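Secondary and tertiary structure notes
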Amino acid sequence: MKKLVASLSAGALVLSALTASGAVASTPEPPVKNPTSIGFGGAVSSVDPEATNIGLGVLRLGGNAVDAAVATAAALGVTEPYSAGIGGGGYFVYYNAKQRKVFTIDGRETAPASMSDTAFINPATGTAYPFAQLVTSGKSIGVPGTLATWDSALRQWGSLSLGKALKPAADLADRGFVVDQTFRGQTLDNKTRFAQIPPTAKLFLPNGDAPLVGSVFKNPELADTYKLIGKQGPSAFYGGPLAAEMAATAQNPPKTADAVLPVFPGYLTTGDLASYKVIDRAPTKVRYDGLDVYGMAPSSSGGTTVGEALNILTPQHLSQLTTPQALHTYLEASALAFADRAKYVGDPAYVNVPTQELLSPGFGAERSCLIDPDHAATKPTAAGSPDGSYSPCTAGTTTVERPDTEGLSTTHLVAADQWGNVVSYTLTIEQTGGSGITVPGRGFLLNNELTDFSAVPVAGDPNRIEAGKRPRSSMSPTIVLRGGKPFIALGSPGGSTIITTVLQTLTNRLDRGMTLPQAIAAPRASQRNTAAVTAEPPFIDAYGPDLTALGHTLVPSGDAFTSAAEIGAVAALEFLPGGAILAAAEPTRRGGGDAGTVWPIAK
Ligand code: GLU
């Protein structure tokens, strides 16, 4: 799709007038959130109303889904700075209506060229440094890919320039947004470590405290960074003074004199930044229930693991099972797919990932008949053999269990336009608050994505650290086509629970008779091939007795880093008969998301 419609300059003027409105600045009211909207002309759903509104504004001015997705993502960098931003990476999945084809961009962070496979090992002890020390450190900072993703998406399919796409977010950063409990809570969860990093404390702990609910949080430094990049292009980020500052910050992270955390120096150099490239990849694809489910290929494990699990579920006919049986089967299928994920999936530039076989229906069927309808298998369950030769019920032989060190941060957005193009985009800085290290004077946090690698080098581990490699992700931006046309687009944050959240939401919608909003709101459980199933407390209340009777052990979700016991935060679209779009976001998780359509007919 080529450069913008004739009204570009007029549109941009209107856009800046709208977003620079003094009325907004003088009466700081949090925007109203709608978890669902049905309408025409395009749609956006995200976890944040400011971001969704910015995306819808772009669509209303004639921008396409890619323009809207980039503008929304840039806005999330302002309002969700602990989950996403230009200091991180992500995966962009795009359905092009004209070509009737799905494309993807791998914008994952990469390990710097000088990083060794023992980078996370303490030479004094021979064991891995404590995880919390790796998180808040230069060592975990990978070369960021988000800005290159935005640039590539806009160049290939957008109609706006990078500068125009970033402008609404720059204006938002300048005028500020009203702090809600989620933002304050996330800041408080990070307060102890943020306080040890002076530029982070200065930005996110003004007066030594997390910004109060109802106050206006501005980030003029991020606004200036966006404006600089908007003017000079991505080279202002991957080169020049900003790149030098990022590298210096990662190599010599700022910390207070009395910092308790070691805040280790890292490896990122200006050379790493200059040579960063996004990768255009073929999407993963499986057929489920007559639908084509497209996802993100490795370096993310999202597409292969969601896809394999769906193949495992195909012979099980979930829609014909009782609720406890369907949930039991979903949990068992997920465990089997996670066993294969652990053994086979890593960055395909470094590892021979059997993507095609992992996604073959024959392999799925072989794995599927290992599911005992009467009893949960002992976990961890063994990986199978995706070798092209399949017979029913071949048990796996190799059990791979490694600690899951993925954070529970990240953000997902979906956008669609009047021409039928659709974007499903997940982006992250890994942990909530990333590395905790802000680039001084630039208004954004650097990622800690490299903690997604296995910390301890083990021969044969596809996710061991290697220089230049992309750590295995779980991000699962997904687009489902029916008869070659978009039907559902969805994704979620949540570390490795992203995979189970996308899978559970899809099966809720496709097999368990739920509407999309019901499928999103339903309580979640996640089985990632571990002894216990993590589950939201309402899930345990509702299904605990039945699933326990089938041999599952359910433990409440939540981790040491966050106060919330939620799994995921879905943003999704469903394309309804007659051309309407149902946009859906979380009703309550993460404080509730916001879904909007360009011409709404119902909320
Ligand atoms: N780093 C994780 C991944 O790539 C995402 C982080 C999260 O969702 O918390 O899968």
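- Looking at an unreviewed UniProt entry, the protein chain carries the name Glutathione hydrolase proenzyme, with the source organism given as Kribbella antiqua.
- Taken verbatim from the UniProt record of the protein chain, the Pathway (unreviewed entry) comment is "Sulfur metabolism; glutathione metabolism."
- Listed under Sequence similarities (unreviewed entry) in UniProt, the entry text for the protein chain is "Belongs to the gamma-glutamyltransferase family."

**Describing the overall build of the protein chain**
- Scanning the protein chain for helices and strands turns up 21 helices and 18 strands.
- Its C-alpha atoms give the protein chain a radius of gyration of 22 Å, within 12% of the compact-globule value 25 Å for 603 residues.
- When the backbone C-alpha atoms are referred to their principal axes, the protein chain occupies close to 65 × 65 × 40 Å.
- Considering the protein chain as a whole, with its 603 residues, one finds that 61% of them fall into the buried category.
- When the accessible surface of the protein chain is summed, it comes to about 20,500 Å², and 57% of that surface belongs to carbon and sulfur atoms.

**Details of unusual backbone geometry**
- The residue after lysine 379, namely proline 380, is reached through a cis peptide bond having omega 0°.
- Position of proline 380 relative to the elements: it lies in the loop between helix H18 (361-368) and strand S9 (411-417).
- The phi dihedral of aspartate 289 falls on the positive side, at around 55°, and the residue is not glycine.
- Structurally, aspartate 289 is set in the loop between strand S7 (284-288) and strand S8 (291-295).
- Although it is not a glycine, asparagine 529 sits at a positive phi angle of roughly 65°.
- Look at asparagine 529 and you get buried, because its relative accessible area is 4%.

**A closer look at the packing of aromatic side chains**
- Inspection of every chain in the model, using the stated rule, returns 20 aromatic pairs.
- On the numbers, 6.3 Å between centres and 15° between planes, the contact of phenylalanine 92 with tryptophan 157 is stacked. Linking phenylalanine 92 in strand S2 (residues 89-96) with tryptophan 157 in helix H6 (residues 146-157), this pair joins segments that are 65 residues apart in sequence.
- Residue class for tryptophan 157 comes out buried when judged on its relative accessible area of 4%.
- Taking 4.9 Å as the distance between ring centres and 55° as the angle between the ring planes, the aromatic pair formed by phenylalanine 92 and tyrosine 425 counts as tilted. Of this pair, phenylalanine 92 sits in strand S2 while tyrosine 425 sits in strand S10 (residues 422-428); the two residues are 333 residues apart in sequence, bridging distant segments of the chain. Both residues of the pair, phenylalanine 92 and tyrosine 425, count as buried.
- One aromatic cluster in this structure is built from Tyr82, Phe177, Phe183, Phe194, Phe204 and Phe217.

**Digging into the nonpolar core**
- Counting residues in hydrophobic clusters, the biggest one holds 80 residues, and the most contacted among them are Ile86, Phe92, Trp150, Tyr226, Phe237, Met246 and Phe444.
- With 11 residues, the single largest contributor to this core is helix H4 (residues 65-79).
- The residues touching methionine 246, leaving out its near neighbours within four places in the chain, are Phe237, Leu268, Leu273, Val439, Phe444 and Leu446.
- If you look at the next biggest cluster of nonpolar residues, it comprises 64 residues, including Tyr330, Ile488, Leu510 and Ala572.

**Thoughts on the sheet that holds strand S13 (residues 525-526)**
- Judged by pairing direction, the sheet is mixed, and its 3 strands sit side by side in the order S13-S14-S15 without closing on themselves. Whereas interior strands pair on both sides, the edge strands pair on one side only; in this sheet they are S13 and strand S15 (554-556).
- As paired strands, S13 and strand S14 (residues 533-535) are joined by 2 bridges and run antiparallel to one another. For alanine 525, the partnering residue across the bridge sits in S14 and is alanine 535.

**Concerning the pairing of S9**
- Extensive coverage of S9 is indicated by the burial of 7 of its 7 residues.
- Alternating residues of S9 divide into Thr411, Leu413, Ala415 and Asp417 and His412, Val414 and Ala416, and every residue in both groups is buried.
- Judged from the 4 bridges that link them, strand S1 (residues 36-46) and S9 form a sheet pairing that is antiparallel. In the strand pairing of S9, valine 44 is matched with alanine 415.
- Sheet analysis places S9 next to S10, joined by 6 bridges and oriented antiparallel.

**A short note on the site of the ligand**
- Residues in close proximity to the ligand total 16 residues, the closest being Ser409, Thr410, Glu430, Asp452 and Gly495.
- Here glutamate 449 contributes a side-chain N or O atom positioned 2.6 Å from a nitrogen atom of the ligand.
- Within the backbone of glycine 495, an N or O atom sits 2.6 Å from an oxygen atom of the ligand.
- Coverage of the ligand by the protein amounts to 100% of the 300 Å² it exposes when considered alone.
- In the shell around the ligand, the residues fall into 3 nonpolar, 8 polar and 5 charged.

Thresholds, definitions, all that
Sequence positions are assigned chain by chain, starting from 1 and proceeding in written order. In keeping with the predicted nature of the model, local features appear solely for residues at pLDDT of at least 70, side-chain atom pairs appear and are counted solely at 80 or more, and the whole-chain, interface and lining totals rest on all residues. The side-chain figures draw on all heavy atoms in the structure; neither hydrogens nor water molecules are used. UniProt positions are given in the numbering used here, feature names are shortened, and annotations may be inferred rather than shown by experiment. By definition, any uninterrupted DSSP run of H or I lasting at least four residues is a helix, any uninterrupted run of E lasting at least two residues is a strand, and each is numbered from the N terminus. As defined in this context, the radius of gyration uses C-alpha atoms, and a globule is described by 2.2 Å times the residue total to the power 0.38. Relative accessibility decides the category of a residue: with a 1.4 Å probe and only protein chains considered, values under 20% of the type maximum give buried, values over 50% give exposed, and everything between is partly exposed. Residue burial considers only the protein chains on display, and all accessible areas are found by Shrake-Rupley using a 1.4 Å probe. Each Phe, Tyr or Trp ring, with Trp reduced to its six-membered ring, pairs with another whose centre is within 6.5 Å; inter-plane angles below 30 degrees give stacked pairs, above 60 give edge-to-face pairs, and intermediate values give tilted ones. For the purposes of this section, nonpolar cores are sets of buried Ala, Val, Leu, Ile, Met, Phe, Trp, Tyr and Cys residues that join through side-chain atoms within 4.5 Å. Whether two residues are in contact is decided by their heavy atoms, any of which lying within 4.5 Å being enough. What makes two strands pair is DSSP finding at least two bridges between them. Nearness is defined per residue: one heavy atom within 4 Å of the molecule or strand is enough. Nitrogen and oxygen atoms within 3.5 Å of one another constitute a polar contact, given that in protein one can donate a hydrogen and the other can accept it, and given that sequence-neighbouring residues count only through two side-chain atoms. Under the convention adopted here, Pro, Cys and the residues Ala, Val, Leu, Ile, Met, Phe, Trp and Tyr are nonpolar, Asp, Glu, Lys and Arg are charged, and Gly plus all remaining residues are polar.

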